[in-house]
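# Close look at the chain arrangement
Here is how the chains run, residue by residue.
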Amino acid sequence: MPQTPTSIVLIHGLWMTSLSWENWVARYEAHGYRVIARSWPGMDGDIAGLRRDPSAIATLGIHEIVDHYEQIIRGLDAPPFIIGHSFGGLITQILLDRGLGAAGVAIAPAPVKGILFLPLSTIRVSLPALSNPANNHRAVPLTPEQFHYAFTNNLSEEESLAVYERYAVPGPDHVLFQAAFANFNPHAATAVDFDNGERAPLLLISGGSDHVSPPAVVEANFKLYGKSKSVTEYRNFPGRTHYTLGQSGWEEVADYALTWVESKAHRQIASA
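Small disclaimer: the values here were computed from a predicted structure and weren't measured.

Residues Pro215, Val217, Val218 and Asn221 constitute the buried set of helix H9 (residues 215–224). Down the axis of H9, the smallest arc covering the buried residues is 165°, so these residues share one side. Where the residues of H9 are buried, they touch helix H4 (87–97), helix H5 (120–130), strand E7 (202–207) and strand E8 (232–237).

Structure (structure tokens):
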């Protein structure tokens, strides 16, 4: 019989570390969960040091990141809830496809293989990295101006800079290249079996004001699961930007995600 999850694994996205989950960690721990918010391989520890020298993560790829979290999850006593943001939302989907987790939430996920159209705002965020092939082997930070457009487009420049200084780090652009050219790669790291009827329930969340993963991208992701027998749902939160983890009102998103995974897990236990 399935066990009631007691752990939550949080997975951050590109240009961030696990520090971006600090509010959610405290909130979920207050609900009695063991919360595991680990950074991508090589990104744990001192943010200032990572900013000074990001060479250790320059070639980090999606396979290595997914394997990192799979090892963490397999070391737990029971399948956890998995919640990911941005590239963490893509990674969440891959982990569920591997048979891991009791339920998952992908918040503003990066594109999985199969999404054919990207809005101009998404292209604008990615183009500075993708326009230089050498960046495929580099870890490059966003400028404060790029971060403002990508993450905090609802804030003033001064407010955005404060967020940037606390959370922003260089990101391995290799993952951007993997996602951008996935539809031309038969062995793409971003591929998911959308017809997998054995995976755990999945919720996809978009933000109405998100420049990186706008609703059109997340809706396209959701539609790819159209023939799956596994539970898949979609929810849009109007006015949310890509900084939804810390944007004012983040509690509504955090609570909705937790209530959703709890309800799906309880239904599976009751029907087992």
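Right, let's talk about the pattern of salt bridges for a bit. Two side chains carrying opposite charge are able to pair once their charged atoms lie near each other. Tallied over the full model, the rule gives eight salt bridges. Put simply, Asp67, Glu70, Arg74 and Arg98 are held in one network by salt bridges that share partners.

It is worth spelling out the pairing of strand E1 (residues 7–11) at this point. Most of E1 is tucked away: five of the five residues are buried. The side-chain alternation of E1 yields two buried faces, one formed by Ser7, Val9 and Ile11 and the other by Ile8 and Leu10. For E1 and strand E2 (residues 34–37), the ladder comprises four bridges, and the chain directions are parallel. Counterpart to valine 9 in the pairing with E2 is isoleucine 36.

Another point: the nonpolar core. Residues Trp40, Tyr69, Phe87 and Leu95 are the most contacted members of the largest nonpolar core, which totals 58 residues. Ignoring anything within four residues of it in the chain, the contact list for leucine 95 reads Ile11, Val66, Tyr69, Glu70, Ile73, Ile82 and Leu100. If you look at the next biggest cluster of nonpolar residues, it comprises 27 residues, including Leu10, Val25, Val35 and Val253.

On the surface, a nonpolar cluster with roughly 380 Å² of combined accessible area is contributed by Leu118, Leu120, Ile123 and Leu127. Topologically, leucine 118 is positioned in the loop between strand E4 (103–107) and H5.

Turning our eyes to something else, we now look at unusual backbone geometry. Look at tryptophan 15: it is not a glycine, yet its phi comes out positive at around 70°. Considering the arrangement of structural elements, one finds tryptophan 15 in the loop between E1 and helix H1 (22–30). The buried category is assigned to tryptophan 15, whose relative accessible area is 6%. Of note, serine 86 is a non-glycine position whose phi angle comes to about 60°, a positive value. When you line up the elements, serine 86 lands in the loop between strand E3 (81–85) and H4. Take serine 86: its relative accessible area is 7%, and that puts it in the buried class.

On to the packing of aromatic side chains, then. Within this structure, the stated rule accounts for 11 aromatic pairs. On the numbers, 5.9 Å between centres and 85° between planes, the contact of tryptophan 24 with tyrosine 28 is edge-to-face. Within this pair, tryptophan 24 and its partner tyrosine 28 are both found in helix H1, separated by four residues, close to a single helical turn. The buried category is assigned to tryptophan 24, whose relative accessible area is 0%. Between phenylalanine 147 and phenylalanine 151, the ring centres sit 4.7 Å apart and the planes meet at 15°, which makes this aromatic pair stacked. Here phenylalanine 147 and phenylalanine 151 have matching classes, each one buried. Each residue in the set Trp21, Trp24, Tyr28 and Trp250 is aromatic and connected to the rest through ring pairs, giving one cluster. Between arginine 124 and the ring centre of tyrosine 149, over which it is positioned, the NZ or CZ distance is 3.7 Å.

Note that leucine 245 resides in the loop between E8 and helix H10 (250–271). Each C-alpha atom, one on leucine 245 and one on asparagine 23, is 7.8 Å from the other, the two residues being 222 residues apart in sequence. Among all residues touching leucine 245, those that are not within four sequence positions of it are Ser20, Trp21, Asn23, Trp24, His85, Ile107 and Trp250.

Most of H4 sits out of view: 10 of its 11 residues are buried. Among all positions of H4, only Phe87, Gly88, Gly89, Leu90, Ile91, Thr92, Gln93, Ile94, Leu95 and Leu96 are buried. Positive phi shows up at glycine 99, right after H4, with a value of about 90°.

Another point: the pairing of E4. By the criterion of burial, E4 is predominantly enclosed, with five of the five residues buried. Of the two faces of E4, the one lined by Ala103, Val105 and Ile107 and the one lined by Gly104 and Ala106 are each fully buried. Regarding topology, H4 serves as the crossover connection from E3 to the parallel E4, and that connection is right-handed. Examined bridge by bridge, E4 and E7 share four bridges and lie parallel to one another.

With respect to topology, six strands assemble into an open sheet ordered E2-E1-E3-E4-E7-E8, the strand pairing being parallel. Edge positions in the sheet fall to E2 and E8, since each of these pairs with one other strand and no more. Within this sheet the neighbouring strands show an average axis-to-axis angle of 15°, counted without direction. Of the strand pairs in this sheet, E7 and E8 are connected by six bridges, and their pairing is parallel. In the strand pairing of E8, leucine 203 is matched with glutamate 233.

Analysis parameters
- Residues numbered from 1 in each chain as written.
- Predicted model: local features only at pLDDT ≥ 70, side-chain atom pairs only at ≥ 80, totals over all residues.
- Heavy atoms only, no water.
- Buried < 20%, exposed > 50% of the residue type's maximum accessible area, 1.4 Å probe, protein only.
- Helix = DSSP H or I, 4+ residues; strand = E, 2+ residues; numbered from the N terminus.
- Arc of directions from axis to C-beta.
- Contact = heavy atoms within 4.5 Å.
- Salt bridge = Lys/Arg side-chain N within 4 Å of Asp/Glu carboxyl O.
- Pairing = 2+ DSSP bridges.
- Core = buried A, V, L, I, M, F, W, Y, C linked by side-chain atoms within 4.5 Å.
- Patch = residues over 30% accessible without salt bridge, like charges linked within 9 Å, V, L, I, M, F, W, Y side chains within 5 Å.
- Areas by Shrake-Rupley, 256 points an atom, 1.4 Å probe, with all protein chains shown as cover.
- Phe/Tyr/Trp six-rings, centres within 6.5 Å; stacked < 30°, edge-to-face > 60°.
- Lys NZ or Arg CZ within 6 Å of the ring centre and 35° of its normal.
- Right-handed = clockwise from strand over helix to strand, strands pointing away.
- Axes fitted to C-alpha atoms, helices over the stretch in contact; angles between N-to-C directions.

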